[in-house]
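Report on the structure
Here are the chains, one letter per residue:
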Amino acid sequence: MHICDILKQNDPSFSFEFFPPKTEAAAEELFATIARLQELEPAFVSVTYGAGGSTRERTHDLIVRIQKETRLTAVSHLTSVCHTLAELEAIVDRYMASGIENILALRGDPPRNVANYDRADDAFQYAEQLVAFLKDRSTRNGGRGFGIGVAGFPEGHPDTPNRLKEMDFLKRKVDAGADYICTQLFFDNRDFYDFRERCELAGIHVPIIAGIMPVSTKSGLVRMADLSLGSRFPAKLLRAVGRAEDDAATTRVGIHWATEQCRDLLDNQVRGIHFYTLNKSDATRQVFENLGVSSSRALQGDSSRS
Ligand SMILES: Cc1cc2nc3c(=O)[nH]c(=O)nc-3n(C[C@H](O)[C@H](O)[C@H](O)COP(=O)(O)OP(=O)(O)OC[C@H]3O[C@@H](n4cnc5c(N)ncnc54)[C@H](O)[C@@H]3O)c2cc1C
């Protein structure tokens, strides 16, 4: 089923993101995590795509395993960076043969370990072109083809300082065939609400899913800032994290902050919340517990949202 159809049936939706494990042991551990999170009845789960090498193969393997061994709908992230057209064709054909129906189409960033990476060698320069390619290749034999999601950046993407142009580029990406937008993580919901309104003004009417990542440790927060370039860390959050006495206390602060974000998003008609789980189940489960529910289903049909 396409994510856009799942979103219609799950309003609001909850979904979880994982990254491909590096070892066999980590893969088994991740599968145990996924089994625990399955109890929360996510609308779908997604798996990220690395900058190159063997990790890319692991994304494919994990996606196919989730699809085969669980009841979950799996969305594969796919980036166009460091890929030729022939490689992308092979990947897409393999996913279609495995019955994978949904892709999050991304440009990706050049690998950090390659100095002066020349993007001119990539088949596509922007995600918009990958979206058009996915649509075309997956529908050429008839049928609906892939359900396609794209990334959105409530606080702006660092490559485009012109925030008006940025919305034009986002609209082009959606017009090329994307069914929904999943956002970069953010810590201040006002940024998300403003982004949602700006999308509306730009004529972008697909569902927008909010990306939420509970802060876990102080070192994790520093890594997070590096991976989510452009994301703002509000002073209130930094003060709360600064007061925390150890990692366990920081985790509690992060879960509390994420719970408050989710509560407020639910009160403000968010279409979906996507948790960046970091392959762990505890923080996400705790947020659900704090919201007073045992699964995503309990939050659907909430009369206070109408
Ligand atoms: C939800 C989510 C999931 C992610 N998952 C992954 C993942 O699995 N693996 C990974 O490597 N990275 C991932 N990323 C990070 C992402 O790949 C990077 O942020 C990347 O720099 C931008 O990707 P994009 O798909 O938004 O690119 P694009 O939409 O191509 O945009 C990239 C930049 O180019 C600008 N732009 C777009 N079109 C044009 C144009 N026609 N002319 C000029 N400028 C243009 C945009 O405004 C933006 O600044 C994810 C990000 C998000 C928010």
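**Section: the sheet that holds strand 3 (residues 74-79)**
The eight strands are arranged 1-2-3-4-5-6-7-8 in a closed barrel whose pairing can be described as parallel. Averaged over all adjacent pairs, the angle separating strand axes in this sheet is 30 degrees, with direction ignored. Bridge analysis of strand 2 (residues 44-47) against strand 3 gives three bridges, and the strand direction is parallel. What sits directly across from Ser 46, in strand 3, is Val 75.

**Quick notes on unusual backbone geometry**
The residue after Asp 11, namely Pro 12, is reached through a cis peptide bond having omega 5 degrees. Topologically, Pro 12 is positioned in the loop between helix 1 (3-9) and strand 1 (13-18). Despite not being glycine, Glu 41 shows a phi value in the positive range, around 55 degrees. In this fold, Glu 41 is placed in the loop between helix 2 (24-38) and strand 2. Its identity is not glycine, yet Leu 278 carries a phi of approximately 55 degrees, on the positive side. As for its position among the elements, Leu 278 is in the loop between strand 8 (272-276) and helix 11 (282-291). Note on Leu 278: 17 C-beta atoms within 10 Å, which makes it partly exposed.

**Notes on the site of the ligand**
Surrounding the ligand, one finds 22 residues, the nearest of these being Thr 48, His 77, Arg 107, Ala 127 and Asp 159. If you list the elements that add at least two residues to the shell around the ligand, you get strand 3, helix 5 (127-139), helix 6 (163-175) and strand 6 (180-185). Broken down by class, the residue content of the shell around the ligand amounts to eight nonpolar, eight polar and six charged.

**A word on helix 11**
Listed in full, the buried residues belonging to helix 11 are Ala 283, Thr 284, Val 287 and Phe 288. Projected onto a plane normal to the axis of helix 11, the buried residues spread over an arc of 140 degrees and lie on a single side. Next to the buried residues of helix 11 lie strand 1, helix 2, helix 10 (247-267) and strand 8. One or two positions beyond helix 11, positive phi appears at Gly 292, with a value near 85 degrees.

**Observations regarding the environment of Val 222**
Looking at where Val 222 falls in the secondary structure, it is placed in helix 8 (residues 218-227). For Val 222, a count of 10 C-beta atoms within 10 Å corresponds to the exposed category. Separated by 147 residues in the primary sequence, Val 222 and Val 75 place their C-alpha atoms 27 Å from one another.

**Examining the nonpolar core**
One finds Ala 105, Val 131 and Leu 134 to be the most contacted residues of the largest nonpolar core, which totals 72 residues. Considering every element that reaches this core, the biggest residue donor is helix 5, with five residues.

**Section: the pairing of strand 8**
Taking burial as the measure, the five residues of strand 8 include five buried ones, the bulk of the element. Alternating residues of strand 8 divide into Gly 272, His 274 and Tyr 276 and Ile 273 and Phe 275, and every residue in both groups is buried. Pairing of strand 1 with strand 8, which is carried by five bridges, proceeds in the parallel orientation. In the strand pairing of strand 8, Ser 13 is matched with Gly 272. By the bridge criterion, four bridges tie strand 7 (residues 208-212) to strand 8 in an arrangement that is parallel. Each residue of the ladder has a partner; that of Ala 210, found in strand 8, is Ile 273.

**A short note on the pairing of strand 1**
Extensive coverage of strand 1 is indicated by the burial of six of its six residues. Taking every second residue as pointing to the same face, both faces of strand 1 are buried, with Ser 13, Ser 15 and Glu 17 on one and Phe 14, Phe 16 and Phe 18 on the other. Across four bridges, strand 1 lies against strand 2 in parallel orientation. Within strand 2, the position partnered with Phe 16 by the bridge is Val 45. Following the chain from strand 1 across helix 2 to the adjacent parallel strand 2, one finds a crossover that is right-handed.

So, how was this worked out
- Residue positions are given per chain, counted from 1 along the sequence in the order it is written.
- Totals for whole chains, interfaces and linings use every residue, but because this is a predicted model, local features are given only for residues with pLDDT of at least 70 and side-chain atom pairs only at 80 or more, for both listing and counting.
- Two strands pair under a simple rule: DSSP has to find at least two bridges between them.
- Secondary structure elements are taken from DSSP: a helix is a run of H or I of four residues or more, a strand is a run of E of two residues or more, and numbering for both begins at the N terminus.
- A fitted line through C-alpha atoms represents every axis, and for helices the fit uses only the stretch in contact; the resulting angles, taken between N-to-C directions, go from 0 to 180 degrees.
- Whether a residue is buried, exposed or partly exposed follows from its count of other C-beta atoms within 10 Å of its own C-beta, namely 20 or more, 12 or fewer, or something in between, respectively; the C-beta atoms are built from the backbone.
- Here, nearness means that the C-beta atom of a residue, built from backbone geometry, sits within 6 Å of the molecule or strand in question.
- Any residue that is not Ala, Val, Leu, Ile, Met, Phe, Trp, Tyr, Cys, Pro, Asp, Glu, Lys or Arg is counted as polar, Gly included; the first ten are nonpolar and the last four charged.
- It is the directions from the helix axis to the C-beta atoms that the arc portrays.
- Here, residue contact means that the backbone-derived C-beta atoms of the two residues sit within 7 Å.
- Linking buried Ala, Val, Leu, Ile, Met, Phe, Trp, Tyr and Cys residues through C-beta atoms within 7 Å yields a set, and such a set is a nonpolar core.
- If the strands point away from the viewer and the path from the first strand over the helix to the second runs clockwise, then the crossover is right-handed.

Bear in mind that shape data such as this cannot, by itself, settle questions of function.
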